[in-house]
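In case you want the letters, here they are:
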Amino acid sequence: MTLTPRAEGVIALIGFGLCIPAANWLIGNVGTFCVPQGPCLVPVAPGVMAPSGVLMIGLALVLRDLVQRRLGVGFSAAAVLAGAALSAFLAPPALVLASAVAFLLSEFADLAVYTPLQKRGLVMAVLASSVVGLVVDSIAFLYLAFGSLDFLAGQVIGKAWMVLIALPFVHLLRKRDERLGIQPA
């Protein structure tokens, strides 16, 4: 069974929208160490820790680009808002607000980088926009949620791992799109 580009976009949209509340839930509930009145942490490199939601957000950055490619930028912005609304049921209000603001800011940064580059090559566009998005998201989220950038290196490294893991799949998708003549939304 072959999915249409729109169906693929809807699947990416659902995954993207669910990454936000999943990340917010993970931060407060799962980790190898939980800071009192702070985040639960996971190791992302030797000696480097990050709030546990970092892995979901790294995945979300790639899914957001796929949503934009298949459905357009409006759908990815709506998914940020829907994800923030779902997060309200799973995380404290301050964490939800920090997450929503960080994602919206990174969405604008992503839009500025991904949109012009996607026509040249999806893998490069996803990589470049994800790097910009993960830095913007990390700085905004850590400052708003915890008033500190202590975990910035861990945030960047953790998100980068997820982006790097996803790039081969993005490359295969791009090749398939070229073979089938599928154009971005």
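Since we're looking at a predicted model, the values are computed, not measured.

Chemist: When you look at helix H4 (residues 93-117) in this model, what are you seeing that I'm missing?
Modeler: The periodicity of an α-helix, 3.6 residues per turn, causes residues three or four positions apart to be oriented the same way. Taking 1.5 Å of rise per residue, 25 residues should cover 36 Å, and H4 covers 35 Å from first to last C-alpha, within 8% of that figure. Along H4, the helix axis deviates most sharply at Asp-110, where the bend reaches about 30°.

Chemist: Looking at this structure, how should I read the pattern of salt bridges?
Modeler: Once the charged atoms of two side chains with opposite charge are near each other, the side chains can pair. Evaluated as defined, the whole model comprises eight salt bridges. A salt bridge links Asp-137 to Lys-159; its shortest N-O distance comes to 2.5 Å. Taken together, the positions of Asp-137 in helix H5 (residues 122-146) and Lys-159 in helix H6 (residues 152-180) put the pair 22 residues apart, joining distant regions of the chain. Ionic pairing is found between Arg-176 and Asp-177, a salt bridge with its closest N-O pair at 3.7 Å. Judged by relative accessible area, Arg-176 falls into the partly exposed class, the value being 22%. On the basis of relative accessible area, Asp-177 is assigned to the buried category, the value being 1%.

Chemist: What is the right way to read the packing of aromatic side chains from this model?
Modeler: Aromatic ring pairs: the centre-centre distance and the angle between the two ring planes describe each pair. Counted under the stated rule, the structure contains one aromatic pair. Ring centres of Phe-141 and Phe-146 lie 5.7 Å apart, and the angle between their planes is 90°; this geometry places the pair in the edge-to-face category. Residue classification places Phe-141 among the buried residues on the basis of a relative accessible area of 6%. You can call Phe-146 partly exposed: its relative accessible area is 27%.

Chemist: Would you explain helix H2 (residues 54-71) in this entry?
Modeler: In a regular helix each residue adds 1.5 Å, so 18 residues correspond to 26 Å; H2 covers 25 Å between its end C-alpha atoms and thus fits that length. Of all the 18 residues making up H2, 15 are buried; the element is thus mostly covered by neighbouring parts of the structure.

Chemist: Got a minute to help me understand the packing of helix H1 (residues 5-29) against H4 in this structure?
Modeler: The packing of two helices is summarised by the inter-axis angle and the distance between the axes. With their axes 11 Å apart at the nearest point, H1 and H4 run at an angle of 140° to one another. Taken together, H1 and H4 sit at an angle that is classed as oblique. The crossing of H1 and H4 is right-handed. Side by side, H1 and H4 meet where Phe-16, Ile-20, Asn-24 and Ile-27 of the first sit next to Leu-95, Val-96, Ser-99 and Phe-103 of the second.

Chemist: Would you explain the side chain of Ser-138 in this entry?
Modeler: Among the secondary structure elements, Ser-138 is positioned in helix H5. Under the relative-accessibility criterion, Ser-138 is labelled buried at 0%. At 2.8 Å, the side chain of Ser-138 and the side chain of Lys-159 are in polar contact. If sequence neighbours within four positions are ignored, Ser-138 has contacts with Leu-152, Gln-155, Val-156 and Lys-159.

Chemist: Help me out: how do you make sense of the pairing of strand E2 (residues 40-45) in this one?
Modeler: The two faces of a sheet get side chains in turn, since along a regular strand they alternate between them. Sheet analysis places strand E1 (residues 33-34) next to E2, joined by two bridges and oriented antiparallel. Bridge pairing in E2 places Cys-34 opposite Cys-40. Count of turn residues in the E1/E2 antiparallel hairpin: five residues, of which Gln-37 carries a positive phi of about 60°. Pairing geometry for E2 and strand E3 (residues 48-51), over four bridges, is antiparallel. Its bridge partner lying in E3, Leu-41 is registered against Pro-51. Taking the residues between adjacent antiparallel strands as the criterion, E2 and E3 are bridged by two residues, where Gly-47 takes a positive phi near 75°.

What counts and what doesn't
Residue numbering note: each chain is counted from 1, following its sequence as written. Thresholds applied to this predicted model are a pLDDT of at least 70 for local features of residues and 80 or more for the giving and counting of side-chain atom pairs; totals over whole chains, interfaces and linings are not thresholded and use all residues. Based on all heavy atoms of the structure, the side-chain values leave hydrogens and waters out of the count. Runs of H or I in DSSP of at least four residues are treated as helices and runs of E of at least two as strands, each being numbered from the N terminus. What a helix is expected to span follows from its residue count: subtract one and scale by 1.5 Å. Here the bend at a residue means the angle between the axes of two seven-residue stretches, the one that ends at it and the one that starts at it. Counted as salt bridges are all cases of a side-chain nitrogen of Lys or Arg within 4 Å of a carboxyl oxygen of Asp or Glu. Relative accessibility under 20% of the residue-type maximum defines a buried residue, over 50% an exposed one, and the middle range a partly exposed one, all with a 1.4 Å probe and only protein chains included. Geometry of aromatic contacts follows a simple scheme: Phe, Tyr and Trp rings, the Trp one being its six-membered ring, pair when their centres are within 6.5 Å, and the pair is stacked under 30 degrees between planes, edge-to-face over 60, tilted otherwise. To get an axis, a line is fitted to the C-alpha atoms, and for a helix only the part in contact is used. The angle between two axes follows their N-to-C directions and goes from 0 to 180 degrees. Angles below 35 degrees are treated as roughly parallel, those above 145 as roughly antiparallel, those between 65 and 115 as roughly perpendicular, and all remaining angles as oblique. Left-handed is the label given to a crossing in which the near helix is rotated counterclockwise from the far helix by less than a right angle, and right-handed is the label when the rotation is clockwise. Contacts were defined at the residue level, with two residues in contact if any of their heavy atoms lie within 4.5 Å. Polar contact is defined as a pair of N or O atoms within 3.5 Å, subject to the rule that within protein one atom must be able to donate a hydrogen and the other to accept it, and that residues adjacent in sequence are counted only when both atoms are side-chain atoms. Strands are labelled as partners when DSSP assigns at least two bridges between them.

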